[in-house]
Amino acid sequence: VDGADDTALGRLRRMERAFGGEAKSLQAELSAGECVARTTLAFFGEEAPPGGALAALQSFLGQVASFARDFHAASRTVREREARKAKSTAKARTPSRPPRPAAA
């Protein structure tokens, strides 16, 4: 029974070391991501709370995406209106009678 406990305990200790290393690696990646997010936000004149740069960047990018969608819709509406306006203007300029044949 003691040998089985030692084996189980040994496995747990190995797992603890392995997971501890993974946790440190993930923490380093998270810190690097926070730094990149903070730098990106600073480029646009935005600030983020300590430890919240990734969430702030996600929110900021969501706002940019929303603006882009709204801008695209508005520009499409303007293009459609301008096309209709040009079409109606062209119709108004078109003579109501057929053009005269060219003299030979």
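All values reported here derive from a predicted model rather than from experimental measurement.

Caption draft 1: Highlighting the overall build of the protein. Looking only at helices and strands, one finds two helices and zero strands in the protein. Carbon and sulfur atoms form 61% of the exposed surface of the protein, whose accessible area is close to 9,100 Å².

Caption draft 2: Seen up close, the nonpolar core. If you look at the biggest cluster of nonpolar residues, it comprises six residues: A37, L41, A48, A53, L57 and F60. For this core, the secondary-structure elements that each account for two or more residues are α1 (2-43) and α2 (53-93). Residue contributions to this core peak at three residues, all from α2. Apart from residues no more than four positions distant in its own chain, A48 is found in contact with R38, L41, A53 and A56.

Caption draft 3: Representation of α2. Between its first and last C-alpha, α2 extends 59 Å over 41 residues, near the 60 Å set by a 1.5 Å rise per residue. Of all the positions in α2, only A53, L57, F60 and S75 are classed as buried.

Caption draft 4: Spotlight on a positive patch on the surface. A cluster of like positive charges, contributed by R11, R13, R14 and R17, occupies part of the molecular surface. The residue R11 is located in helix α1 in this model. What makes R11 exposed here is its relative accessible area of 51%.

Caption draft 5: Here's a closer look at a nonpolar patch on the surface. A cluster of nonpolar side chains, L9, L12, M15 and F19, forms an exposed patch at the surface whose accessible area comes to about 400 Å². By the element assignment, F19 lies in helix α1. By relative accessible area, F19 is classed as exposed at 53%.

Caption draft 6: Broad picture of the side chain of E34. As for its placement among the helices and strands, E34 is situated in helix α1. For the buried E34, which has no salt bridge, the nearest side chain bearing the opposite charge is R38, at an N-O separation of 4.0 Å. Residues within four places of E34 in sequence aside, it is in contact with G51, G52, A53 and L54.

Here is what the cut-offs are and how they apply
Per chain, residue numbering runs from 1 following the sequence as it is written. The predicted origin of the model limits local features to residues at a pLDDT of at least 70 and limits the giving and counting of side-chain atom pairs to 80 or more, whereas totals for whole chains, interfaces and linings rest on all residues. Hydrogen atoms and water are omitted, and side-chain values are computed over all heavy atoms in the structure. Every helix listed is a DSSP run of H or I at least four residues long, and every strand listed is a run of E at least two residues long, numbered separately from the N terminus. Each accessible area is a Shrake-Rupley result for a 1.4 Å probe, and residues are judged covered by the shown protein chains and nothing else. Within this scheme, the nonpolar core is defined by two criteria: the residues are buried Ala, Val, Leu, Ile, Met, Phe, Trp, Tyr or Cys, and they are joined through side-chain atoms within 4.5 Å. Only protein chains enter the accessibility calculation, which uses a 1.4 Å probe; a residue whose area is less than 20% of its type maximum is buried, one above 50% is exposed, and one in between is partly exposed. By definition in these notes, contact holds between two residues if any of their heavy atoms fall within 4.5 Å. Expected span of a helix: the number of residues minus one, times 1.5 Å. Patches here are clusters of residues that have more than 30% relative accessible area and form no salt bridge, with a 9 Å joining cutoff for like charges and a 5 Å cutoff for nonpolar side chains (Val, Leu, Ile, Met, Phe, Trp, Tyr). Each salt bridge in this description consists of a side-chain nitrogen of Lys or Arg and a carboxyl oxygen of Asp or Glu lying within 4 Å of one another. The positive count covers Lys and Arg only, the negative count covers Asp and Glu only, and His and the chain ends enter neither. We put the charge of a Lys on NZ, of an Arg on CZ, of an Asp on CG and of a Glu on CD.

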